[in-house]
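Take a look at the letters that make up each chain.
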Amino acid sequence: MTPEREAKVRNVLNRRQSDLTVILENVFDPHNISAVMRTCDAVGIQDVYVLNTKIPRHKKFGSKSSSSALGWLSIYQFDDAEACFAAVRQSCDHIYATHLGTQSVSLYDIDFTQKTALVFGNEHAGVTDEALAFCDGNFIIPQFGMVQSLNISVACAVSLYEGLRQRERAGFYNGTCRLPAPKAKTLAEQWRLYSEVEGAPQG
């Protein structure tokens, strides 16, 4: 690995957010999942949770949509909601679902400087009642058009970039590694190996 590549790996790793994540519940289209993963990498999310309780596990995700982001992320797949949310609770204190309800708040009212996870549901049915029971609240993305919906990958990107905006202002991307030291060390080695694999992204 070149010194320049080594420096990039270190700089990206030092800006990973250990306490910001997403849960994708029963998302049918693997290309939507891959597009979300690309956004997660862009905003510094390391851990992504894929929960399938209504559909089979995905055997692979759309590589073109992810633009090889898969190689830089830690993906955890679950088919049990309780186990999935228990795993997320180890790093996040607040879990919010994209769901239109009487108690839903605006995306812009969420404090993303807290340890936060966002749940995005199925393209057609949304977040299930089972998953909602594990959440601390619901949120919506303000919209003023005739069609009151966004593609899941777009909704996720809008939401996560609000998280990035708040966290950047609070100094969460100042280069001080927020990952536990053992995990950061393991990832650094994995990323170095991945960079050396033929066909791995080099930019």
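Above: the structure in question.
A few points on the structure. For every chain, the first residue of the written sequence is number 1, and numbering continues from 1 onward in sequence order. The predicted origin of the model limits local features to residues at a pLDDT of at least 70 and limits the giving and counting of side-chain atom pairs to 80 or more, whereas totals for whole chains, interfaces and linings rest on all residues. Hydrogens and water molecules were not included; the side-chain quantities draw on all heavy atoms of the structure.

The phi torsion of most residues other than glycine is negative, and most of the peptide bonds are trans. Look at Asn26: it is not a glycine, yet its phi comes out positive at around 55°. In DSSP terms, a helix is any run of H or I states spanning at least four residues, a strand is any run of E spanning at least two, and both are numbered starting from the N terminus. Assignment of secondary structure puts Asn26 in the loop between strand S1 (20-25) and helix H2 (30-43). Partly exposed describes any residue whose relative accessible area lies between the buried limit of under 20% and the exposed limit of over 50%, with all areas from a 1.4 Å probe on protein chains only and scaled to the type maximum. Overall, Asn26 belongs to the buried group, its relative accessible area being 2%.

Extensive coverage of strand S2 (residues 47-51) is indicated by the burial of five of its five residues. Strand pairing is assigned whenever DSSP identifies at least 2 bridges connecting the two strands. Bridge count for S1 against S2 is four bridges, and the pairing is parallel. Each residue of the ladder has a partner; that of Ile23, found in S2, is Tyr49. When the strands point away from the viewer and the connection leading from the first strand across the helix to the second strand turns clockwise, the crossover is called right-handed. Running through H2, the crossover from S1 to the neighbouring parallel element S2 is right-handed. In the sheet, S2 pairs with strand S3 (residues 74-78) via five bridges, with the strands oriented parallel. Across the sheet, residue Leu51 finds its bridge partner in S3, namely Phe78.

Attention now moves to the sheet that holds strand S4 (residues 94-98). Reading across from one edge, S3-S2-S1-S6-S4-S7-S5 is the order of the seven strands in this open sheet, with parallel pairing throughout. The sheet terminates laterally at S3 and strand S5 (105-106), the two strands that pair on one side only. Relative to strand S7 (residues 137-140), S5 runs parallel, the two sharing two bridges. Paired with Ser106 across the two strands is Ile140, which belongs to S7. Any pair of residues with heavy atoms lying within 4.5 Å of one another is described as a contacting pair. Each axis is a line fitted through C-alpha atoms, and for a helix only the stretch in contact is used; angles between axes span 0 to 180 degrees, taken between their N-to-C directions. Most of the contacts of H2 go to S1, to which it runs at about 180°, and overall it touches S1, S2 and S3.

With 30 residues, the main nonpolar core has Val22, Ile45, Leu118, Phe120, Phe139 and Leu160 as its most contacted residues. If you list the elements that add at least two residues to this core, you get S1, H2, S2, strand S6 (116-120) and helix H6 (152-169). For our purposes a nonpolar core is just a set of buried Ala, Val, Leu, Ile, Met, Phe, Trp, Tyr and Cys residues, chained together by side-chain atoms within 4.5 Å. Counting 18 residues, the second largest nonpolar core, distinct from the first, contains Ile23, Ile95, Ala117 and Ala131.

Purely spatial values, then, with no claim about function.
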